[in-house]
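Chain residues, written in single-letter form:
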Amino acid sequence: MPFPQHDDHFPRAVDPGLARDSVLDLPVAMLMDLDDTIVSYSTYAGPCWKRVCHNVADRIEGVGGEELYRTLAEARTWFWADPDRHRANRQNMPLAIQRVVHHGLCRLGVENWELAGTIAESYERERGKTIKPFPGALETLRKLRECGVSMALVTNGGAEPQREKIRRFNLAPFFDAIFIEGECGYGKPDTRIYMDALRGLDATPGDAWMVGDNLEWEVMVPQRLGIYCVWNDAKGAGLPEDSIIRPDRVIGSLPELLETENLHCESEPSERN
Ligand SMILES: [Mg+2]
């Protein structure tokens, strides 16, 4: 299992006052999602698709940029709605996006795998520029470490693109252990990855919080294991009206983890379950 070197880690509890004041409200261990929790991943997907579609539309006879954008949006929704297709394809996002675009083009009567690849590459380039840590996210990770919280990154997707983001934003020093679906051979919502992460931090479910943006993967499933689950509602959308999933806590951004007055758990997290 890939553990970062201790020499590379940001220090723990360098500010004894901060550690003493905050530690009562923070858990022993925290499992953290990457995309759309630490870094903005899908926030700018829509605008990127729109730009790319309008740029390439003149290469497709009789199809306008807006029609292409709408059709690819429908194709994306269809493609990613199937859990098995989602799992099988998220390991190779460039190929997955090419498949989505190809499917969309076929809906428009254009069967052109090469053009689908060109559009997919153009989109990946555009979106790569927009992926960045949310405001305050890195500072929050640093403070959590300073407070002595054991930290594990638990992220789905292929090893290479996830490692690239970890390198690009220098995230490894914040974490005691890193679990990537593409390296482990399984990912969320498979409970094995949560058990691996708990073992990696030498923590019990009652010791730990999971923080993530996916209600099913990162709230419902780890909650069943007895982990305290914090839903990161970065879009501010609120819980879907028909949702039967009830997070233990809802935040709009990672810095709220440190706003102790907002904690609704009156007791130590380890006392729940
Ligand atoms: Mg996520």
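Below: a short report on this structure. From a predicted model like this one, the values you see are computed outputs, not experimental measurements. (Residues numbered from 1 in each chain as written. Predicted model: local features only at pLDDT ≥ 70, side-chain atom pairs only at ≥ 80, totals over all residues.)

**Digging into the packing of helix α2 (residues 45-56) against helix α6 (residues 113-130)**
Two quantities define a packed helix pair, namely the angle between the axes and the distance from one axis to the other. Direction vectors running N to C along α2 and α6 enclose 140 degrees, while the axes themselves pass 9 Å from each other. Between α2 and α6, the interaxial angle falls into the category oblique. At the point where α2 passes α6, the crossing takes the right-handed sense. Judged by residue contacts, A45, C48, W49, R51, V52 and V56 of α2 engage I119, S122, Y123, E126, R127 and T130 from α6. Partitioning the contact of α2 with α6 into residue classes produces seven nonpolar, two polar and three charged. (Axes fitted to C-alpha atoms, helices over the stretch in contact; angles between N-to-C directions. Helix = DSSP H or I, 4+ residues; strand = E, 2+ residues; numbered from the N terminus. Parallel < 35°, antiparallel > 145°, perpendicular 65-115°, else oblique. Left-handed = near helix turned anticlockwise from the far one by under 90°. Contact = placed C-beta atoms within 7 Å. Nonpolar A, V, L, I, M, F, W, Y, C, P; charged D, E, K, R; others polar.)

**Here we look at the sheet that holds strand β7 (residues 228-232)**
By way of backbone hydrogen bonds, the strands of a sheet pair with one another, either parallel or antiparallel. Spatial strand order, β5-β4-β1-β6-β7-β8: six strands in an open sheet with parallel pairing. One side of each edge strand has no neighbouring strand; the edge strands of this open sheet are β5 (177-180) and β8 (249-251). Across the sheet, the axes of successive neighbouring strands diverge by a mean angle of 20 degrees, strand direction being ignored. (Pairing = 2+ DSSP bridges.)

**A closer look at helix α3 (residues 65-81)**
Each turn of an α-helix holds 3.6 residues, which means side chains three or four residues apart point in the same direction. In a regular helix each residue adds 1.5 Å, so 17 residues correspond to 24 Å; α3 covers 24 Å between its end C-alpha atoms and thus fits that length. Buried residues of α3: L68, T71, L72 and A75, and no others. For α3, the buried positions fall inside an angular range of 100 degrees around the axis, keeping them on one side. Projecting away from the buried face of α3 at angles above 90 degrees are the exposed residues E66, T77 and A81. Tucked into the core, α3 has its buried residues touching α2 and α5 (93-107). (Expected span 1.5 Å × (residues − 1). Buried ≥ 20, exposed ≤ 12 C-beta atoms within 10 Å, placed from the backbone. Arc of directions from axis to C-beta.)

**Remarks on the pairing of β7**
Here is the key point about a regular strand: its side chains alternate between the two faces of the sheet. Among the five residues that make up β7, five are buried, leaving the element largely enclosed by the rest of the structure. Judged by which residues are buried, β7 turns out to be covered on both faces: Y228, V230 and N232 on one side and C229 and W231 on the other are all buried. Bridge count for strand β6 (residues 208-212) against β7 is four bridges, and the pairing is parallel. Across the sheet, M210 pairs through a bridge with C229, a residue of β7. Two strands pair when backbone bridges link them, and β7 and β8 are joined in this way by three bridges, in the parallel orientation. The residue of β8 that forms the bridge with N232 is I251.

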